[in-house]
Structure formats: C-alpha cells, structure tokens
Amino acid sequence: MVNPVFYDFKRGLLRPTVLISLAIFALVGVGLAYLILSVIAMNPAVRPEVAYYTVLDNSTGKFKLELHIYNPELNPIDGEVSYKLGCYDGKEVDRLDELYTKGLIGHEEYLKRLAEILELIDEGVYKSSGGKVVVEKKLERLPLQGYTCELYLNISTPLGSMGTIYTPRSGAGYISLVLGNNTMYVLTGVGMPLRPPSKIMRGEVPGNPEEPINISGLAGAMSATIYDFGGRVNRSVLLLTIYSPLVEEFEVYIRSTPPGAQLSLKFVERYFNYTGRARVGVNVIEVNASLLKRETRELPGVRVEVIVPQSLLLLVLARSEDAVYVGLGPVEIRPVQPGISQLLVVQQLTSQIGPGLFTQFFPILVLYLIYVYIAKPRAQGALEFTLARPITRTDLYITRFTAGALVVIASAMLFNTTFLIAVQSITKLNLGLDVVAYALMYGGVIVSLLAFYSLCYLLSTLTSGTKYIVVSVILYILYAFIWGMLPYIVVSLTRGFGLGYMTEVMKLSFIMAYFNPIGLNNFYQLYLLKHVFGEEAIPAFQAEAARGVVEPWFVAIATITWLLVPALLGWLRFKKISLIA
Amino acid sequence: MTRDKKRKRTSWRVGWVPELPIFETELKAIDYFVYLAGYYGITGSEAKSLARELLSRFGLEDAINRKLSTFSQGMKKRFALAVSMINDPPNFIFDEVLNGLDPQGIAFFRELTLEFRKRGKAVLFSSHILSEVEGIADRVVFIHKGRIIGNYSMDEIRHKAVSALHLTLNRVDDAVLKVLEKYGEPSALDSRRVILRRPSVDSSIIIAELVKVGVGVLEAKYEERSLEDFFFNLIREIEVSNRW
C-alpha cells in the first residue's frame, strides 16, 4: 500500500494549486521576515553598535578606515558603510557662527555658507564582510595646513540605520598628531552618535613610580564603551578602539572613581583594576563581572531593579625605555538585554506573523485537498472503480488519509523552513533555538492543520462534491476568523470593559482554543515562548489568563482528540456510505 | 476468512469493465494506471512498462499521456479493460460494455471475449444486445425486472428456439396433415394455411413430397427464431403463468 500512498501524496503535493499556493506562502514568508526585521529595527532596545579607527597621514596621503559592526549582543553583523572625509578651515566656521549669532546672516545663508566651506577630501561606500570594513587608499587630495577634518559616517544594517549629517561640526573630529614635520589625523570611535575620542599622551619616564607622569605631547586616540549584560549572564564587555603610530600594545585599567591625585605609575597600580591588554585597532575585552550598579527598590506593590547612574574611568598605559604613553578618559556603561533581538523575533514568530499566518490561511488548501482525495471522486462515483482493486474501503480510507496528512506535514515543514531561513538570513540573527523549540514551532502548525484536516475528512464522508466545499468553507471561516472574535464579544457583553478585561478575554480565548482545531497552535506557541525565554517573556495578562487553563495534559488530550476522533468517526461512516454517483 | 479478506481475494480474481467507467479524470492515463497497479503490489518502472504494454494492446498507445477527461466512452472502456488486466485474472465482468460503442468497439469486445473464452477465462457478459450474446456466450442467464427468469446453455436455447415452416396450399385437409406429420408438428390455421413446427428436414423435401401427393404449394416461408424471440417468449410464458 506504500505506492498508492506515495502516489496520492505526490499528486496532492504536486498539484498546480498546491504548488502555487506554497510559492505564494513562501513569498509571504519572505515578506513577513522583512516585517519582523522592521519591528526589530524600530525597537529602540535593538540597535547596531560600531567601533572604528581611522588615520590620515598627510605626508604620504595614506588613508585608512577600519570599522566593525555588531548586533546588540556584540556579535558581528554585516551592513553597508558609507563615509565622507570632509575638512574645513575652523576659523571660517567661527566667523560664520559669529555672523549668524549676531543676526547678520539668516539660517539658510548660514547653512549655505557652511556647506561651501566644507571640502570633500574623500568618500566611499563599502559592504562589510564578517562585520568588518577595511578601507586603505592613497588620497589624491589632502587637507590644507591648519584645517580641521571630520569623518561623516552612515551605517545601514538589518537592525537599523544611523549616520551623521555632512556639515561642519556634526561629524567626528580627527585629532591632529604632529610627529616632527609630519601631521597625522587620527580618530577613534565606539558607538553612535559619534563622540570625540580621548587622547593618548606621551610622557617622560618618571624617576620613580610614585612621581607624577610629565606629559610631553600627543601620541594617539582611544574610544571605549562598556556593555553590561547584567542579570543572569553577569558579564561585561569592553569595546575599545585605540590608534597610536608610536605604540603597538597597551595595558588596560578601569576605575570607578576619579583619581584624587596626580597620575603616577604607582597610583595606577594601586587604584586601578587591571582589565587586560589591547592592541592598536578594535579590541573586544571580556570583563567577568557586571560593572553596572543595580539597586532593588520597593515601589507600591512591586519590587523593581533600577540601574544606578555612574561613570567609570578607562586608562590605557604603555611603557617603553624612553617614554610612557597614557590615555585616560570616561567610559560609558551601556546595559544590554541579552537575547533581546532573538526575543523580539521569537515573539513575532509566535504572534500572527509567520507560522500563525500559515495556520490561519493554509486550511483553505487542506479542505481543497480532501475535496480532491475524497469528496470529488465520491460525488463522481470514481471511488467505486478504485475499490474494484484488491482493497477494502478501510484501505482506501487510510491510504488517502495518510497521503493527505503527509502533504499537510510536508507543506507546513516547507513553509516553516523557508520562513525561518528567510528570517535568519534577513535579520542576520542566529535565533539559537534548540530541538524542543523547533519541535514546538513546527509541531504546533502541523498539529493544528492535521486537526482541521481530520475534521474535514470526517465532513467528506458526511457530504460530497459541492456540498462538501460549502460546508467546509463555512467551518473554516468559523474557526479561522469568527472563533477568535467570540471571546471579545462574550466578555464585553457579560463583564464590560472593566479592569482585567484583556485577561478575561485571553482566558476565554484559551478555553475556546481547545474546541478549535486551528486554535491548538496557540498553546504550542505559548510553550515555545516559555521554553526559549522563560515565564518572564510572556506578557503578564497572558500569563495570568493561562494559569489553570493552559495545562500540558489538557493540550495533549485536545491534540489527540482532534487528530483521532474525527478521523475515526469518518472511517465508521465511510465503511457504510454509497460510493455510486 | 474475514469478509474483507474474501473481498480482497475476489477482487484479485475478477477483472471488471463497467458500462460507464468513472475515473479520477484529472489524471493522465499512465499515472492513473500506475496508481491502480500499486494496489496489486506492482510499482515503479514495472508498473509503467505494464501500463505501456496493456494500453498499447488495447489501442491506447497514443493516449498514454493524455488526461482521462479527454477520453471517449470507448477509450474509457478500453482503459478500464487494460486496468482489469493488470494481474491477468481468470474471471471478467463485462457489464454492458457494448452500450455506447461504435461498430468497431462492439467488434473489439466480441473478439476479445471469444479470445478470453479460448484461453479458458470466464467472462460474465451482460448486455441488452442479444444478437451479440448469441455469438459469444456458452450459457445465458435471462433477467427480467431484476429477476432471473431463465438459465440455459446455448445448446438448450438452440434446441428450444424452434423454427417453423409457413405453408399456403390449394387445400388443407387430413391427408395433407398426415403427410406433414412425418416431418414435424403441423397445425392448420385455416382451409389454405398450415404451420409446420420443428421441421426435421429441409423445406424443399417437404414441398416435393406435397407436390408428389397432388397438393398445390402456393407459398412456403421458413421462420427462424432468434435469442430475442426466445427471451420474449420466456417473458410471455412467465406472464401467462403469473396470470394463472
């Protein structure tokens, strides 16, 4: 009987109607992946991070820009980077500011003149690879002596875009580094908006470690941000970019309070915490502790954890035989919600986007499949000819049921897989789902569709031909669209729009979902969210509504009942019905 | 043995060609054939080559890849026949297969039935075209209003379906009837006409004998009775017996 099952499966799946529908669903899946992407990109909690350094050697004309892009969890992501290197005479800008402040020129004129002052030295658009862009080139045009240079960056990633306007003083300003007759423009940065980097100074080697370091000149630039993952993760990451033409490697220190005395080597050893080593370029340094101060505060009825504002100091230090290089500057701590982008994606996946949408609309194809397998040939009388083969009615019933069920399973798996691949490749996020999560995601869709399939199969034994189509479509509209509205109507009429309205609606929705084959998916999606992110990922009103109503045993019984009972009743009926047209 | 097992075994031993074969017509002939062959445990390339062989044998070689919905009534019957031959069963049911067929189609099924008979296969052939049945059947079961009213071998029918010689003479008297009694069962209709049932010799011998004894033979008409007459006669007999 394997061959007829396979053949029925093949002719079910390869029907133009099914194939075209699946192609449309796949396209919708890609569209939904973009929708999910836009939801993530618009969420303020999710934004890309950048770290870069750039240097322009005015004597050789060599320009270098190295830029790294990260997602909120500091994993590299790709994007498009466009930059402009603009230089201008700072005195000219000051003069224009004065004219504008005194009201001698209007705003439009001021902007127009500002634009005229800015001289474009170089520009480019690059796509990152492995989250990294490296631009190295020799510039034909160089800034004039005494000019100020700024870097204007625009970065576009799947998680959002950010950038700076190309006008004087809105870009990131280079530090001029004079080394003999040579002037180098150096700039480092971490994060957006662009902030001026901290300077790395060159000092003389002190006679003894307690002697303050005497600064003798500029040696480079550095920028840093600490990302605090907090919570259960309890780790911080220091993103640090350094550039100095004089030193290759630095020791990195962090301190929570400003130094109370002049900086000496002894003072650094005594009061700063050694964090690691950093080389010229972009450094990601793991700090095995949460550096963010958190306090638990009692508010009426709830306890909340709040972040206490604080500033940290970052110090980089390098020593050579004849000099000491030290950079000191404040460092921002930014709290990171681990897995926020994954949470947003999975929340979307478990909503009416994606598999939910498939479960909502694919049943129309399910009922059509049964029309093809049973209802139509039965109305025509074509099953009688098939039954003249050495098979029983039970064989025929099981064969076609299995083939149709396999088409439903294959279609659901095809859609889910296409959709997940689209989501992962468009958002560039590794969802990090385990086998159980995938089983819940795929299983929910498959179980719901098979439950509806089972119900329609029963229906095909009670009616046939056009009657079947009419009744099954009515049933589909009832379960897919009307059923979901009923809890709102019932709660509104019985309780009104009072406090806890949504909880009551949700509770009734859960109860009614047990009596809706398509609704079974809701339970599986809820368990998926719980499994991946824990109870806290579920909105409070939903968690409250599910309490005592959504239980694994109830869900298991509902699943088995929906899958088996209609199919068995259909079988009992099929054994007796007339198959003559 | 369970009912289902019996049913399966029976289906295995019987090939069925219905009067109006109804298929899942959106399928191609070869695909539907392969699908149905699967129920006989014949799969893949074996089923495909069997499909080509049988469909070609029954004149459907050009229609192998055509959808069944485009088939004429005759083609559908040939296709059903090809399907019934998948496992080459020893028995066949041709249920009113001749209905709706053109003369070629009728000839095709007639010859096929005769061929099956030669090969020792049993064919249950139902038809309203009794002239066709006459030429192919060994035994005929007559059904009237859903009831079997007769079950005869063709020899019995031939014997019972007697012929008669209608004679118009210049006179009919006892002497004439005495002459005729030697050759069959005479009965006088009037003073000039007589019927001789079950004549035992050729009509020319009977006419010669009558002329020899001085009887003028004005007209002689030989009446042959068909299977159809036999059937109607059976019906009449049933109706008469029912009346009594």
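Look a little higher up for the structure.
Conventions and cut-offs
Residues numbered from 1 in each chain as written. Chains lettered and ligands numbered in written order. Predicted model: local features only at pLDDT ≥ 70, side-chain atom pairs only at ≥ 80, totals over all residues. Heavy atoms only, no water. Buried < 20%, exposed > 50% of the residue type's maximum accessible area, 1.4 Å probe, protein only. Helix = DSSP H or I, 4+ residues; strand = E, 2+ residues; numbered from the N terminus. Pairing = 2+ DSSP bridges. Right-handed = clockwise from strand over helix to strand, strands pointing away. Contact = heavy atoms within 4.5 Å. Axes fitted to C-alpha atoms, helices over the stretch in contact; angles between N-to-C directions. Parallel < 35°, antiparallel > 145°, perpendicular 65-115°, else oblique. Left-handed = near helix turned anticlockwise from the far one by under 90°. Salt bridge = Lys/Arg side-chain N within 4 Å of Asp/Glu carboxyl O.

J.: Before we go on, may I ask you to explain the pairing of strand β2 (residues 91-95) of chain B in this structure?
T.: Along a regular strand, successive side chains alternate from one face of the sheet to the other. All names here are of chain B. Residues of β2 alternate between two faces, with F92 and F94 buried on one and N91, I93 and D95 left unburied on the opposite face. Of the strand pairs in this sheet, strand β1 (residues 14-17) and β2 are connected by four bridges, and their pairing is parallel. Residue pairing across strands places W16 opposite I93, the latter belonging to β2. Two strands pair when backbone bridges link them, and β2 and strand β3 (residues 122-126) are joined in this way by five bridges, in the parallel orientation. Bridging across to β3, N91 finds its partner in A122. Crossover connection from β2 via helix α5 (residues 103-118) to parallel β3: handedness right-handed.

J.: Looking at this structure, how should I read helix α6 (residues 340-349) of chain A?
T.: All names here are of chain A. Burial analysis of α6 places nine of its ten residues in the buried class, which makes it a mostly covered element. Turning to α6, its buried residues are I340, S341, Q342, L343, L344, V345, V346, Q348 and L349. In this fold, the buried residues of α6 make contact with α2 (16-42), α7 (355-361), α10 (393-427), α11 (435-462) and α14 (520-533).

J.: Sorry if this is basic, but what is going on with the pairing of strand β7 (residues 160-163) of chain A here?
T.: All names here are of chain A. The alternating pattern of β7 places G160 and M162 on a buried face, while none of S161 and G163, on the opposite face, is buried. Sheet topology places strand β6 (residues 148-157) next to β7; four bridges connect them, and they run antiparallel. Paired with N154 across the bridge in β7 is G163.

J.: In this structure, what is going on with the packing of helix α8 (residues 363-380) of chain A against α11 of chain A? I would like to understand it.
T.: Any two packed helices are characterised by the angle at which their axes cross and by the distance between the axes. Residue and element names in this part refer to chain A. Relative to each other, α8 and α11 sit at 30 degrees, their axes nearing to 9 Å. Taken as axis vectors, α8 and α11 run roughly parallel relative to one another. Viewed along their axes, α8 and α11 form a crossing whose handedness is right-handed. Contacts between α8 and α11 involve P363, V366, L367, I370, I374, A375 and R378 from the former and L449, F452, Y453, C456, Y457, S460, T461 and L462 from the latter.

J.: What should I look at first to understand the pattern of salt bridges in this one?
T.: Any two side chains of opposite charge can pair, on the condition that their charged atoms come close. Under the defined criterion, the tally for this structure stands at 35 salt bridges over all chains. Between E80 of chain A and K127 of chain A there is a salt bridge, with the nearest N and O atoms lying 3.4 Å from each other. Taken together, the positions of E80 of chain A in strand β3 (residues 80-88) and K127 of chain A in strand β4 (residues 119-127) put the pair 47 residues apart, joining distant regions of the chain. By relative accessible area, E80 of chain A is classed as partly exposed at 34%. The exposed category is assigned to K127 of chain A, whose relative accessible area is 66%. Between E109 of chain A and R113 of chain A there is a salt bridge whose closest N-O contact spans 2.9 Å. Linking E109 of chain A with R113 of chain A, this pair stays in helix α4 (residues 107-117), spanning four residues, or about one helical turn. On the accessibility criterion, E109 of chain A (29% relative accessible area) is partly exposed. Here the residues in one salt-bridge network are D8, R11, R15 and R400 of chain A together with E24 and E26 of chain B, joined through shared partners.

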